[in-house]
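Chain by chain, the residues:
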Amino acid sequence: MVVRGETTTKIHLSEISIVLVESTAVSLTASLLSELVKRKIKVIFCDEKRNPISELVSYYGSHDTSSKVKKQIEWTKESKSFVWTEIVTEKIRKQRDLLKMIGKEEEENLLTGYIREVKTGDVTNREGHAAKVYFNALFGLDFTRTADNLINAALNYGYTIMLSAFNREITANGYITQLGLFHDNMFNQFNLGSDLMEPFRILVDETVLYMKMIEFGHCEKMQIVSLLNKEVFIDGRRNCVNNAIKIYCKSIFDALNQDDLSQIRFYKNEL
């Protein structure tokens, strides 16, 4: 990839996992876009306010996409419910661990109780109850996820970047993003990505928690994007978040295809 500006920079495509087109003034060649898609490199486009607005999703993520999609359609309601339960439980567990790290003992204990109360499919919505306690503990009792403020701008930006990374892995494995496990919104093109990313949201939350923002501009956005290079432990090895997403997604698909929850691999911040 050749980037021309005040200076010209050449970057080998093997060194790229995501291209973030932050300005509407950027021009790209069709040949570059085609090659990026072939190499399963995620391309995210931003609007005039430099916020992510769309992305390139390949039609053909895997040589056996047709077979994978048939399997995806055949995943049973029971299997999807069991896997979703594992995902929700892990999400709350990671929220609890972050609260423990910042010394929120009372809220940590509440989330520990919610973990024990999670039922198959999270039919009692422990995830929702945990989220309210969690966000109020992180950002204050007056905080809501619907407010128009810097914290939510940063969180939303981070979640969008994370979702794009998950969509890349879903399509690269030959599955389609519209058919989710729990999320089932007819207007959401990325239901499956929205499901799988849940335990990884906490990485964004932690990053935003420690950002001292007086604005949410280019530097702050790049700080969030660099989160994909953060190192975590998964499957007994140290990996960057980008690779951890790849390992985790494959483990979820293995669990669903084999009806075996032991296949699932979640990341850890430390061994």
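These numbers were taken from a predicted model, which means no experiment stands behind them.

Analysis parameters
Residues numbered from 1 in each chain as written. Predicted model: local features only at pLDDT ≥ 70, side-chain atom pairs only at ≥ 80, totals over all residues. Heavy atoms only, no water. Pairing = 2+ DSSP bridges. Helix = DSSP H or I, 4+ residues; strand = E, 2+ residues; numbered from the N terminus. Axes fitted to C-alpha atoms, helices over the stretch in contact; angles between N-to-C directions. Polar contact = N/O pair within 3.5 Å; in protein donor to acceptor, adjacent residues only side chain to side chain. Core = buried A, V, L, I, M, F, W, Y, C linked by side-chain atoms within 4.5 Å. Buried < 20%, exposed > 50% of the residue type's maximum accessible area, 1.4 Å probe, protein only. Contact = heavy atoms within 4.5 Å. Lys, Arg positive; Asp, Glu negative; His and termini not counted. Salt bridge = Lys/Arg side-chain N within 4 Å of Asp/Glu carboxyl O. Parallel < 35°, antiparallel > 145°, perpendicular 65-115°, else oblique. Left-handed = near helix turned anticlockwise from the far one by under 90°. Nonpolar A, V, L, I, M, F, W, Y, C, P; charged D, E, K, R; others polar. Phe/Tyr/Trp six-rings, centres within 6.5 Å; stacked < 30°, edge-to-face > 60°. Lys NZ or Arg CZ within 6 Å of the ring centre and 35° of its normal. Expected span 1.5 Å × (residues − 1).

Explain the pairing of strand E5 (residues 52–55) to me, please; I cannot follow it from the model alone.
Residues in a regular strand point their side chains to alternate faces of the sheet. Where strand E4 (residues 42–46) meets E5, three bridges bridge the pair, whose relative direction is antiparallel. Looking at the pairing, Phe45 lines up with Ser54 of E5. Counted along the chain from E4 to the antiparallel partner E5, the turn is five residues long, and its residue Arg50 has a positive phi close to 65°.

Where do I start with the sheet that holds strand E3 (residues 18–21) in this structure?
Think of a sheet as strands paired side by side through backbone hydrogen bonds, with each pair either parallel or antiparallel. The sheet built from three strands is open, its strands ordered E3-E4-E5 with mixed pairing. Unpaired on one side and paired on the other, E3 and E5 mark the two borders of the sheet. Going across the sheet, the axis of each strand differs from the next one's by a mean of 25°, ignoring polarity.

How should the environment of His218 be read in this particular structure?
Along the chain, His218 falls in helix H9 (residues 218–225). Sequence separation between His218 and Ser262 is 44 residues, and the spatial gap between their C-alpha atoms is 41 Å. Here the side chain of His218 touches Glu22 through a polar contact of 2.7 Å, side chain to side chain.

How do you make sense of the nonpolar core when you look at a structure like this?
Considering soluble globular proteins, one finds that nonpolar side chains tend to be buried as a cluster. If you look at the biggest cluster of nonpolar residues, it comprises 63 residues, and the most contacted ones within it are Met162, Phe166, Leu196, Phe200, Val208, Ile245 and Tyr248. Looking at this core, the elements that each hand over two or more residues are helix H3 (77–101), helix H4 (105–117), helix H5 (126–139), helix H6 (150–172), helix H7 (191–196), helix H8 (201–209), strand E6 (231–234) and helix H10 (241–258). Here this core gets ten residues from one element, more than from any other, and that element is H6. Beyond its immediate stretch of four places on either side in the chain, Phe200 contacts Met162, Phe166, Val241, Ala244, Ile245, Tyr248 and Tyr267.

Hey, could you run me through the side chain of Glu220 in this one?
By the element assignment, Glu220 lies in helix H9. Although Glu220 is buried, it forms no salt bridge, and the closest oppositely charged side chain is Lys221 at an N-O distance of 8.2 Å. In contact with Glu220, other than residues within four places in its own chain, are Met211, Met213 and Glu215.

Any chance you could explain the packing of H3 against H5 here in plain terms?
Relative orientation and spacing of two packed helices are given, respectively, by the angle between their axes and the distance between those axes. Contact pair H3 / H5: the axes reach a minimum separation of 10 Å and the direction vectors enclose 20°. By the angle between their directions, the pair H3 and H5 is classed as roughly parallel. Of the two possible hands of crossing, H3 and H5 adopt the one that is left-handed. Here Trp84, Val88, Lys91, Ile92, Gln95, Leu98 and Leu99 of H3 lie close against H5, whose contacting residues are Arg126, Glu127, Ala130, Ala131, Tyr134, Ala137 and Leu138. The residue makeup of the contact of H3 with H5, split by class, is ten nonpolar, one polar and three charged.

Would you mind going over the packing of aromatic side chains with me for this structure?
Each aromatic ring pair is summarised here by two numbers: the centre-to-centre distance and the angle between the ring planes. Tallied over the entire structure, the rule returns 14 aromatic pairs. Ring centres of Phe200 and Tyr248 lie 5.2 Å apart, and the angle between their planes is 45°; this geometry places the pair in the tilted category. Of this pair, Phe200 sits in the loop between H7 and H8 while Tyr248 sits in helix H10, placing them 48 residues apart in sequence. In this structure an aromatic cluster arises from ring pairing among Phe166, Phe200, Tyr248, Phe266 and Tyr267. Of note, Arg145 hangs over the ring of Phe135, and the distance from its end group to the ring centre comes to 5.9 Å.

Looking at this model, I keep getting lost on H3. Mind explaining?
For H3, which comprises 25 residues, the first-to-last C-alpha distance of 36 Å matches the rise-based estimate of 36 Å (1.5 Å per residue) to within 8%. Note on H3: the residue one or two positions beyond its end, Gly103, has a positive phi of about 80°.

Is there a simple way to think about unusual backbone geometry in this case?
A negative phi angle is the norm for most residues apart from glycine, just as the trans form is the norm for most peptide bonds. Although it is not a glycine, Asp122 sits at a positive phi angle of roughly 50°. For Asp122, the position within the fold is in the loop between H4 and H5. Of the residues examined, Asp122 reaches a relative accessible area of 8% and is grouped as buried. With phi around 55°, Asp235 is a residue other than glycine that occupies positive phi space.

Teacher, can you tell me more about the side chain of Asn152 here?
With respect to the helices and strands, Asn152 occurs in helix H6. In this structure Asn152 comes out as buried when scored by relative accessible area, which is 2%. Reaching out from Asn152, the side chain makes a polar contact with the backbone oxygen of Thr144 at a distance of 2.9 Å. Beyond its immediate sequence surroundings of up to four residues, Asn152 is in contact with Phe143, Thr144, Arg145, Thr146 and Ala147.

Looking at this structure, how should I read the pattern of salt bridges?
A side chain with one charge may pair with a side chain of the opposite charge, provided their charged atoms come close. Inspection of every chain in the model, using the stated rule, returns 13 salt bridges. A salt bridge links Lys68 to Asp64; its shortest N-O distance comes to 3.6 Å. Lys68 sits in the buried class, given a relative accessible area of 16%. Residue Glu169 is joined to Arg168 by a salt bridge in which the shortest nitrogen-to-oxygen separation is 3.2 Å. Relative accessible area serves as the criterion here: at 6%, Glu169 is assigned to the buried category. According to the relative accessible area criterion, Arg168 is buried, its value standing at 7%. Shared partners join several salt bridges into a network, and the residues in it are Lys91, Glu127, Glu198 and Arg201.

Everything listed here is a matter of geometry and, on its own, says nothing about what the molecule does.
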